[in-house]
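Reading the structure
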Amino acid sequence: MSQTARFDAYGKAPPPPAAAASRHAALRERLDSRFPAIDDVFDDCIDEALRTLTPAGMAAYLDQARWFGKLGRGAQPVLQFLATWPAVAHCCGESSLAPLCAAAAAFQKSPNGPAIVTLLHSLPAVARQLPAPHLLAQYLALTVELMQRTSLSIHGRHATEPSPGLPAFLQQAGVLVALVPMEGLRRWVQEGIRLHGAHPQRQIDYFSLTSADARALLQRERRGTLLIDVERRLALGLRGLWDVALPLVPYPVHVDHPTGQPLLPHLQDDGLRLPEVLDDRAGVSALQRYRAMLAHLAGHLRWSTPQLADNLSPLQRLALECFEDARVDHLVLRRYPGLRPALLALHPMPAEDACDAARVSCLRHRLVCLSRALLDPAHPYRDATLLAFAGRFRAALRDGVSSTREMAVLALDWSAATRRASDQRARVQFEDTLVDWRDDNRHLWTFIEPGDEEDTGAEPRRRAPVADEGGLPPRLYPEWDHLTRGHRPDWVSVYDILQPPGQAGDVDALLAQYAPVARHLKRRIDLLKPQDRTRLRHQEEGTELDLDLALRAIADWRAGAQPDPRIHTSTRTDGRDISVLLLMDLSQSVNQTVGQPHTGAPAGGAPTVLSLSRAAAALLGWAIAALGDELAIAGFQSNTRQEVRYLHLKGFTEAWGDAPKARLAAAQGAWSTRMGAALRHAGHLLSGRRADKRLLLVLTDGEPADIDVDDPQYLIADAAQAVRELDRQGLYTHCISLDARADAYVSRIFGQRWTVIDRVEQLPRRLPELFLALTR
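Residues numbered from 1 in each chain as written. Predicted model: local features only at pLDDT ≥ 70, side-chain atom pairs only at ≥ 80, totals over all residues. Heavy atoms only, no water.

Across its full length, the protein holds 27 helices and 18 strands. Counting only residues that meet the buried cut, the protein has 49% of its 776 residues in that class. Here the contacts in the protein between residues at least 6 apart in sequence split such that 71% fall between residues at least 24 apart. As displayed, the protein offers around 37000 Å² of accessible surface, 52% of which is attributable to carbon and sulfur atoms. (Helix = DSSP H or I, 4+ residues; strand = E, 2+ residues; numbered from the N terminus. Buried < 20%, exposed > 50% of the residue type's maximum accessible area, 1.4 Å probe, protein only. Contact = heavy atoms within 4.5 Å. Areas by Shrake-Rupley, 256 points an atom, 1.4 Å probe, with all protein chains shown as cover.)

This part covers the confidence of the model for the protein. Here the protein averages 84 in pLDDT, while 89% of its residues score no lower than 70. Note on residues 255-260: pLDDT under 50 across the span, and 15 contacts to partners over four residues away in sequence or across chains. The model gives residues 596-603 a pLDDT under 50, and that stretch makes 19 contacts with residues more than four places away or in other chains. (pLDDT = per-residue confidence, 0-100.)

Residues Y61, Y139, F169, L185 and W188 are the most contacted members of the largest nonpolar core, which totals 66 residues. Among the elements that make up this core, the one with the highest residue count is helix α8 (residues 166-179) (nine residues). The residues touching Y61, leaving out its near neighbours within four places in the chain, are C45, I46, A49, L53, F81, L82, W85 and P86. Core analysis: the second largest hydrophobic core is formed by 63 residues, L294, L333, A390 and A396 among them. (Core = buried A, V, L, I, M, F, W, Y, C linked by side-chain atoms within 4.5 Å.)

Inspection of the entire model under this criterion finds one disulfide. Covalent S-S linkage joins C355 and C362, the inter-sulfur distance amounting to 2.0 Å. Between C355 and C362 the disulfide shows an S-S torsion of about -90°. By sign, it is left-handed. Of the cysteine sulfurs around C92, a residue in no disulfide, the closest is that of C91, at 5.7 Å. (Disulfide = S-S within 2.5 Å.)

Let us look at the packing of helix α6 (residues 115-129) against α8. Helix-helix packing is described using two parameters, namely the angle between the two axes and the distance between the axes. For the pair α6 and α8, the least separation of the axes is 8 Å and the interaxial angle reads 5°. Comparing their axes, α8 and α6 come out roughly parallel. The segment α6 lies against α8, with A115, T118, L119, S122, A125, V126 and Q129 engaging L166, P167, L170, Q171, A173, G174, V177 and A178. Residue classes in the contact of α6 with α8 are distributed as ten nonpolar, five polar and no charged. (Axes fitted to C-alpha atoms, helices over the stretch in contact; angles between N-to-C directions. Parallel < 35°, antiparallel > 145°, perpendicular 65-115°, else oblique. Nonpolar A, V, L, I, M, F, W, Y, C, P; charged D, E, K, R; others polar.)

Moving on, we get to the sheet that holds strand β15 (residues 644-650). Spatially, the eight strands line up as an open sheet ordered β8-β9-β15-β14-β13-β16-β17-β18, and their pairing is mixed. Strands with a single pairing partner mark the edges of an open sheet, and in this sheet they are β8 (475-481) and β18 (754-756). In this sheet, neighbouring strand axes are inclined to one another by 25° on average, regardless of whether the strands run parallel or antiparallel. Here helix α22 (residues 609-627) sits on the sheet in contact with β13 (578-585), β14 (630-638) and β16 (693-700), set at roughly 170° to β13. Helix α24 (residues 675-686) rests against β8, β9 (486-498), β13, β14, β15 and β16 of the sheet, and its axis sits at about 130° to β8. (Pairing = 2+ DSSP bridges.)

Positive phi values are uncommon outside glycine, yet T640 reaches one of about 75°. Look at W671: it is not a glycine, yet its phi comes out positive at around 65°. Secondary-structure assignment places W671 in the loop between α23 (658-666) and α24. Note on W671: relative accessible area 34%, which makes it partly exposed.

Right, let's talk about the pairing of β14 for a bit. Here β14 lies mainly inside the structure; eight of its nine residues are buried. With seven bridges connecting them, β13 and β14 associate as parallel partners. Along β14, the bridge assignment pairs D585 with F636. Strand direction decides the pairing type here: β14 and β15, joined by six bridges, are antiparallel. Looking at the pairing, G635 lines up with L647 of β15. The antiparallel hairpin formed by β14 and β15 contains five residues in its connecting segment, where T640 sits at a positive phi of about 75°.

Together, L551, I554 and W557 make up an exposed nonpolar region whose accessible area comes to about 370 Å². Within the secondary structure, I554 sits in helix α21 (residues 547-558). Residue class for I554 comes out partly exposed when judged on its relative accessible area of 41%. (Patch = residues over 30% accessible without salt bridge, like charges linked within 9 Å, V, L, I, M, F, W, Y side chains within 5 Å. Salt bridge = Lys/Arg side-chain N within 4 Å of Asp/Glu carboxyl O.)

So, on to the packing of aromatic side chains. One pass over the structure, following the stated rule, counts eleven aromatic pairs. Arranged with centres 6.1 Å apart and planes meeting at 85°, the rings of F169 and F207 form a pair that is edge-to-face. Linking F169 in helix α8 with F207 in helix α10 (residues 200-207), this pair joins segments that are 38 residues apart in sequence. Seen in terms of ring centroids, W242 and W303 are 5.9 Å apart; in terms of plane orientation they differ by 85°. Their pairing is edge-to-face. In this pair, W242 sits in helix α12 (residues 227-242) while W303 sits in helix α13 (residues 286-303), placing the two residues 61 residues apart along the sequence. In terms of burial, W242 and W303 fall into one category: buried. Every member of this aromatic cluster is reached through a ring pair, and the members are Y61, W67, F68, F81 and W85. The ring of F42 carries R28 above its face, with NZ or CZ at 5.8 Å from the centroid. (Phe/Tyr/Trp six-rings, centres within 6.5 Å; stacked < 30°, edge-to-face > 60°. Lys NZ or Arg CZ within 6 Å of the ring centre and 35° of its normal.)

At a closest axis distance of 9 Å, the pairing of helix α5 (residues 97-108) and α6 adopts a crossing angle of 155°. Taken as axis vectors, α5 and α6 run roughly antiparallel relative to one another. Judged by the sense of rotation from one axis to the other, the crossing of α5 with α6 is right-handed. In this structure, α5 uses L100, A103, A104, F107 and Q108 to contact α6, whose residues at the interface are A115, I116, L119, L120 and L123. (Left-handed = near helix turned anticlockwise from the far one by under 90°.)

This paragraph deals with the sheet that holds strand β2 (residues 248-251). With mixed pairing, the three strands of this open sheet are ordered in space as β2-β4-β3. Each edge of the open sheet is held by one strand with a lone partner, namely β2 and β3 (266-268). Shown here is a sheet whose adjacent strand axes are inclined to one another by a mean of 35°, direction ignored. Examined bridge by bridge, β3 and strand β4 (residues 271-275) share three bridges and lie antiparallel to one another. Looking across to β4, one finds that H266 is bridged to R273.

Take a look at the structure:
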């Protein structure tokens, strides 16, 4: 810390500890609030306020804090105000307190009083983007206008319900004021009120930026250069200069990294991700900033190699990313030196003593100083360790391109030489440490297994399962640990996927080849078909016309009256009320061939387990459709606990026709068999059916297993626990196993409710027969 930093804002040295304690006690007494939680943070807040506020501002600060403490809304408003106001006053001036008080009073007099805490929490981020009293006053007035115009009134006079969209707006306020000027924000808010003022949920979607119309209208008000406008020029340059033909995919800049830092450019399988809009900065045009980002990403593609992350600490990974980014930029500038002025203008150059290690973690500050020294030979830094590593870096690149591995050695040495105890502080200095043309380095790391490390801002994001989930979030299920005899909560992620269709004719061909089996099943189905049917009259749609009701409707029409459209009748079967879910194991093992070709097998040699399973499912679907029962067909496969796919092939209410046949024809085997999670999800879906009997048929060719589980008994015990849970829900579970060695484990999972089909070739005939026997 510099010598001048030891004095407060008025040039006075801080008082001795005894005097400071006495002054804090007097100020605490003036606050006149008895919430115990305030005592934990009061001294820190007061120290910050004394460094920032004038004496008059300090008095107003305490008076307003006392007002917040008397609102009757607990300790949160006063705690939030004590923590945030000094930073807001530093950005916008102490005169901004009056409009803030007016806005808080307006909230308090309405049903929106709980939103005061959200308003105060979002204020520092807003103040950083609106560093003038009149701009902050305009923002607060706009917030009050939104609150007043969207608060709900039951009787049409006074507001009786809070505004649905206000909390969502306040949570996004820091992002919004960074994206658009105040006049544009006002137009965007007023348009949202006009479009969705009468629809509470649409308000929430609009002001939280989750609806398409909100993003489109915001785009219209934004400033800067849009990626879509320069995409063609950038893509041609990327292909011509770097021989890279990946698509450029924009990401919305309001999507933030979990650390609160902006989301950075990054590499993904579907293309290079860039911000959807950029402003000119530091004399560098937005187009040139895009070019710098693309050059850096292309450099990583050409020169970087992934490294194993599991054995490195977060500090070591951050250091390696710093050295590797600098190496890539060095090689880019060696190839295209015209980018140097732009990179030097955009790279932060904080003062060497700009971070107080006694208060915050200075790790990122040291890293950005190191990065500047590696990029700029004319840097101003004099730290001996920094200079030594800058020299080693340039020596490594003097005669070639070096390597990511050599940068890893440098990073480990630097980490050991500069590590400090203060690096572990929770408060980290992020100011002036972001090099925004560089990516987030998620491509630089490979993981043997997921870890529990803290997020450091450089941690790569885990791969999203795949695009074909349609963006649906996973459903989390517990998993039973047989060693601790307890559940691991929210342990498995199950993704619902609608199986893409194939050719329905392939399933029709299978049914034709198993025609003798179908004829045998038809005779048994005719004996099971319910005979007791009930006639339903007064139906708008039905199978027959009710002549009496039709004549009455004609008479009404001729008399000028409105006829009753319910002139049809239909019939309902009362004899069977069964819902069936067939859950098929679609792991990699179902792709194996089965013995020798058999009579009636599909042409082309020995069938696979999957082809026989398709034929059995198709015959079952045909048989159940003939009986009129409800049937759903699904498959499952797993790739660790992070990704269990539940593939929907046919829905309960979906007719057995070309659509489910096409999905069944396209089903493929892949990955592993995490059965317990699939059973729980299937049971969740089946439990929603209102049927007298609900049957879950599980068709599998092996025991539960997955690549992230070493204990062979773990997933067997979990599947058995899942079956017991389904029993308690009134769901009947039966397993059809195609594994000749299933006797060793299947009884542990399903008890007495299982059937082993040793000759897999018989599956198409045995599965429908088994269903008929279970539902007789």
